[in-house]
Amino acid sequence: MRKLTFPMGGVHPDDTKYARDCAIEVLPLPPVVYVSVSQHLGAPAVPCVAVGDKVKAGQVVAEPGGFISAYVHSPVSGTVKSIGPRKDIAGRPVTHIEIVVEGDEWAEGIDLSPELVPEIPTDRAAVLEKIKAAGVVGLGGATFPTHVKLNPPPESKAECLIIDGAECEPYLTSDYRIMLERPDEIVVGTAIMQMVLGGCRAVLAVEDNKPEAIEALQASVARLGYANMEVAPLKCKYPQGSEKQLIDAVLGRQTKPGALPISVGAVVQNAGTALAVYEAVQKNKPLVTNVLTVTGDCLSGEKMHNYLFRAGMTLNYIAEYAGGVPADAAKIVSGGPMMGKPIANLDAATVKGSPAILYLSEEATRRGKEGPCIRCGRCADACPMGLEPFLLNRLAKAGDIEALKENEVLNCIECGCCLYSCPAYIPLLDRIRTAKVLAKKR
Amino acid sequence: MTETILWTVAILAGLGLVLSVILFLIAKRFRVEEDPRIDKVEAVMPGANCGGCGFAGCRAFASAAVAAPNLDGIFCPVGGNDVMKQVADILGYEVQEQAPMVAVVRCNGSCANRPKTNEYDGVKSCQAKAALYAGDTGCAFGCLGCGDCVAACQFGALRMDPETGLPVVDETKCTACGACVRTCPKGIIELRKKGPRGMRVYVRCVNKDKGAVARKACAAACIGCGKCAKVCASDAITIENNLSYIDFEKCRLCKKCVAECPTGAILAVNFPVVKPKPSPVEVNKEESHA
Amino acid sequence: MDKFLVSHPPHIHASRTTASLMRDVIIALLPATAVAVVFYGWSMLLVLAVSIVSCVLLEWAICKWLMKRPFDCPEAAGVTGLLLALNLPYTTPWWVVLIGAVFAIGVAKMTFGGLGQNVFNPAIAARVFLLISFPAYMTHWEIPQGLFGADAVTGSTVLSLVSENGTAVIDNLAEMGWHPLFAYVGGSAGEISILALLAGFAYLLLRRVVKIWIPLAIFVTVAAISGIFHAIDPVTYTGPVFNLLSGGLVLGACFMATDYVTSPMSVPGGLIFGFGIGLLVMLIRYFGAYPEGTSFAILFMNMTVPLLDRWFHQPKFGRD
């Protein structure tokens, strides 16, 4: 089958999917969890429990704080011990609800049985309510509230739902494992989202370095027989999983700068989100669990895992359970090596979207000394958005916000291809990201 | 030979004459009429074009001053009261003397006081560091040490102290233009009154964490205990969000708060050092020996 | 590791560095250098040594004492030295070579700000400077009759022969042992073996150090212009094959017009740059006073690069 890809830019880092054969393991419950009110893009949620309250797993503990916001549920049953600021992975204080774990009792109505429920409900409004009430957010990295994304304004019609199974970042294997182990649920989730979007075409796009996942999904699609659904292999290139690049590859359409994917008729959802939608709609289970990969280049195969964790377990707990932090680890990243957030504080709590604990050794990650720009153009060749990072770097150093905006710095998707390719080790993305912050202010 | 020279000189001279006439006519035709006072005011300005006044350069300041009905809200921090008096004289306005201000770095999280908890490997810029995370120490509010303020200062009044990792302000060069205040992403630098003979008291901390958390991160942190506010006789100190702040308009420099602070977070600058008086016992001993 | 590293993403890096790119250029030039040494002998080695060593040492000294900056990339200075040596006649006295190196690094590179900042290609700028300052040395060509510089006889480059005597001379050159791809009749070191140069260029293309646009544009333009003129008047104007293979065109097009710092960043800019160089080379060769035009053509087009960069950009995502 012809493999799709995006035409502009991109790089080819080594695959390094060392944890691909690690089946998903369920983590045992810790003694305490810290539930962040800010597990999604948009306004933080507002706690609706008090200290001393007894809560059950799946019970709402915080309500949306605005239009772009989401419900937050307790991942465990137990007692609320405190509600207050706690440091997130960046070391910044964020309100967390501390719950001491007692037992594993789930709230009423939540179906934890493994039987597949393939019948698609038809009441669109009710389904959207369920997705919202379950606190489902995009699990592809941005954690945008799904019920908002699946409800575009009436004048924008969705022509194609694209399920992002690319997982283009090196090292990460959590999406791969759920596509391999739970393809039926992902397909049902996709069908549900198709219904919500008005019955459009659905494409499950997977990179070709995951042939077993492609086969599993193809088998599920054939077996379950939903209309207008297909699996499309993608050429392995980074950042294939980026929304704009994915739409370009699958539909051949490029969104205009500043425009949303719906403007070209596309809605993109991560494969993990499809699974969360299935659980929310068919099993009434709110989003409190996810899969993360513990991996890296400085730990042995036995220490690599794909864990099913509850959002609120601390990273420390997971790291210790996995065998401890490797001695050679120089940097720990929450996510992939190209776009992941560096972990400054391993004691931070996980959130719904936590993708991985990645240990990188010194040789892999320590940056070289910055040299002068030799105008080789590799950064511009690599940029999937057609920007010129060498020029943006010069303008950012000069502080010329107007020229930066003219050169479309706000279009940057922060994929990291530029810094990755620069032979002079110029901190391009650092400067561009900072420039974006300043440009947005003005 | 002489003929060539004569012709050359004549042609060039004629050309020069024609061109200068053209230039003169153009200058007259396209002359922009401006209030001549703008030039006069601009002449007395320091000419640093730093933007500290809030206008885009010294000429813009001059235009604004001439256009305004009075000099309220128009002040050049670099030129200070001297220049403002001259501007007022030129324009025939009244100007009030303003107390000279100086930039103050409200952080004492030196390498000794505030241990590092991780190593920053990105670009050496405070703004970039602040955009990424809370910083490479346990204090999410303190100085990030990359020197954006030093780079922003046009007057060379700031330098990074390599031992403490904190910026140091040279009072003699600081013009209180505010560039460093605007650049610092943590809002650590503040413009405060220089004070009589340069004496001033301020809290060298901006940490809003609870006392125990702040103290764990930095030995010189303000823990918000409130002892300073209790002892202040001028009602100048407020405690908000676990952080003490001294209002420089109200402070009367009695320094009682400096002694009270358990972590030494309050600093008194430029006060004369008091020599200890000899005790009476020693004086008697001397007399008996004599 | 007691304190973990923290930085903006990405947290990994491709393995290419500036130094490794420059090393690839040096490797690509080695075949041509080897051929030159084999034919021209000790004098060639002396020119190479003086040029490379003085370029590297001078840049080191300027970085250390004048600019107070770390000397990041000795390989880049080495490339300049090597290219300069390949552009000069092998009989050039060592002190002339030294002056050339001083001009190349000191004036053409460091005064503009050092690595990455210069507008003009330093090796070519130096060559032109020497040509104008020491025309006798720079147009003195010797033709070795044997290997390693043996039995050298004073002669002229092929191009100067043609410019003096017209195209009829080409038929006699074959007798003198001239073969277009493997010539050793006069010429600077970098001109004499086109095959070696093309092999090096292929290496650079394979290693993705350079892209093919600029040299392609130059060759196509030269071939087209000379093809048209030769068709109109074969006696006065030399043909495409001759023009493509003689003089410093291959060396200039493949190694000096593709220099990162002094060439445009975008593809349309590069094509115009190449077209301009090709056009100027042919104009100078056909109608100009100098027999060889590649150096001037490249220098002239170097001047247009900032403008080309301003006018031509990458196609941006989402804009048609």
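Residues numbered from 1 in each chain as written. Chains lettered and ligands numbered in written order. Predicted model: local features only at pLDDT ≥ 70, side-chain atom pairs only at ≥ 80, totals over all residues. Heavy atoms only, no water.

What follows deals with the overall build of chain A. For chain A, the count of helices and strands is 14 helices and 17 strands. Taken over the C-alpha trace, chain A has a radius of gyration of 21 Å; the compact-globule value for 442 residues is 22 Å, and the two agree within 12%. Viewed in the frame of its principal axes, chain A has a C-alpha envelope of about 65 × 50 × 45 Å. Going through the 442 residues of chain A one by one, you find that 62% of them count as buried. When contacts within chain A are restricted to residue pairs at least 6 apart in sequence, long-range pairs at least 24 apart make up 75% of them. Summed over its atoms, the accessible surface of chain A is roughly 16200 Å², and 53% of this surface lies on carbon and sulfur atoms. The average position of the 46 basic charges and that of the 50 acidic charges among the side chains of chain A differ by 6 Å. (Helix = DSSP H or I, 4+ residues; strand = E, 2+ residues; numbered from the N terminus. Rg over C-alpha atoms; globule rule 2.2 N^0.38 Å. Buried < 20%, exposed > 50% of the residue type's maximum accessible area, 1.4 Å probe, protein only. Contact = heavy atoms within 4.5 Å. Areas by Shrake-Rupley, 256 points an atom, 1.4 Å probe, with all protein chains shown as cover. Lys, Arg positive; Asp, Glu negative; His and termini not counted. Charge placed at Lys NZ, Arg CZ, Asp CG, Glu CD.)

All names here are of chain C. Relative orientation of the contacting elements helix α9 (residues 194–206) and helix α12 (residues 249–256) amounts to 15°, with a least axis distance of 10 Å. Accordingly, the angle class assigned to the pair α9 and α12 is roughly parallel. As for how α9 packs across α12, the hand of that crossing is left-handed. For the pair α9 and α12, the contacting residues are Ile194, Leu197, Leu198, Gly200, Phe201 and Leu204 in the first and Val250, Leu251, Cys254 and Phe255 in the second. By residue class, the composition of the contact of α9 with α12 is nine nonpolar, one polar and no charged. (Axes fitted to C-alpha atoms, helices over the stretch in contact; angles between N-to-C directions. Parallel < 35°, antiparallel > 145°, perpendicular 65-115°, else oblique. Left-handed = near helix turned anticlockwise from the far one by under 90°. Nonpolar A, V, L, I, M, F, W, Y, C, P; charged D, E, K, R; others polar.)

As a further point, take the nonpolar core. Within the largest apolar cluster, 87 residues are counted, with the highest numbers of intra-cluster contacts made by C:Phe255 and C:Ile277. If one sorts the elements of this core by residue count, helix α1 (residues 18–40) of chain C sits on top with 11 residues. In this view, C:Ile277 contacts C:Ile218, C:Ala257, C:Ala297, C:Ile298 and C:Met301; residues no more than four positions away in its chain are not counted. With 47 residues, the next largest nonpolar core counts A:Leu139, A:Met179, A:Ala271 and A:Ala280 among its residues. (Core = buried A, V, L, I, M, F, W, Y, C linked by side-chain atoms within 4.5 Å.)

So, about the interface of chain A and chain C. Of the residues lining the interface, 63 residues belong to chain A; the matching set on chain C comes to 38 residues. Summing both partners gives a buried area of about 4500 Å² for chain A against chain C, and 57% of it is carried by carbon and sulfur. Where chain A packs against chain C, one counts two salt bridges. Linking C:Lys211 and A:Asp381 is a salt bridge whose minimum nitrogen-to-oxygen distance equals 3.0 Å. At the junction of chain A with chain C, the criterion picks out 22 residue pairs in polar contact (both at pLDDT 80 or more). Mapped onto the side of chain A that touches chain C, the elements with two or more residues apiece are α6 (243–251), β15 (329–334), β16 (341–342), α9 (362–365), α10 (378–382), α11 (389–398), α13 (417–421) and α14 (428–441) of chain A. (Buried area = accessible area lost by both parts, 1.4 Å probe. Salt bridge = Lys/Arg side-chain N within 4 Å of Asp/Glu carboxyl O. Polar contact = N/O pair within 3.5 Å; in protein donor to acceptor, adjacent residues only side chain to side chain.)

In this structure the tally under the stated criterion is 18 aromatic pairs over all chains. Between the aromatic rings of C:Phe229 and C:Tyr286, the centroid separation amounts to 5.4 Å while the plane-to-plane angle is 45°, which identifies the pairing as tilted. One end of the pair, C:Phe229, is in helix α10 (residues 213–232); the other, C:Tyr286, is in helix α13 (residues 267–287), and 57 residues separate them in sequence. Grouped by ring-pair contacts, the aromatic residues C:Phe229, C:Tyr237, C:Tyr286 and C:Phe287 constitute a single cluster. Cation over ring: A:Arg86 sits above A:Tyr34, and NZ or CZ is 3.6 Å from the ring centre. A cation sits over an aromatic face here: B:Arg29 above B:Phe30, 5.0 Å from the ring centre. (Phe/Tyr/Trp six-rings, centres within 6.5 Å; stacked < 30°, edge-to-face > 60°. Lys NZ or Arg CZ within 6 Å of the ring centre and 35° of its normal.)

Strand pairing in a sheet relies on backbone hydrogen bonds, with the paired strands running either antiparallel or parallel. Residues and elements named next belong to chain A. Spatial ordering of the open sheet is given by β2-β8-β7-β4, a layout of four strands whose pairing is antiparallel. In this open sheet, the two edge strands, each paired with only one partner strand, are β2 (32–36) and β4 (54–55). Bridge count between β4 and strand β7 (residues 78–87): two bridges; the pairing is antiparallel. Its bridge partner being in β7, Lys54 is matched across the sheet by Thr79. (Pairing = 2+ DSSP bridges.)

Bringing the interface of chain C and chain B into the picture now. Of the residues lining the interface, seven residues belong to chain C; the matching set on chain B comes to 11 residues. Taken over both partners, the interface formed by chain C and chain B buries close to 770 Å², and the fraction arising from carbon and sulfur atoms is 67%. When the buried surface of chain C facing chain B is broken down by residue, C:Lys3, C:Val6 and C:His8 rank first, second and third, together holding 64% of it. Across the chain C-chain B interface, the total number found is zero salt bridges. In this assembly, chain C and chain B are joined by four residue pairs in polar contact (both at pLDDT 80 or more). Residue composition of the side of chain C that touches chain B, grouped by class: four nonpolar, two polar and one charged. Of the strand pairs in this sheet, strand β2 (residues 119–120) of chain B and strand β1 (residues 5–6) of chain C are connected by two bridges, and their pairing is parallel. Bridge pairing in β1(C) places B:Tyr120 opposite C:Val6.

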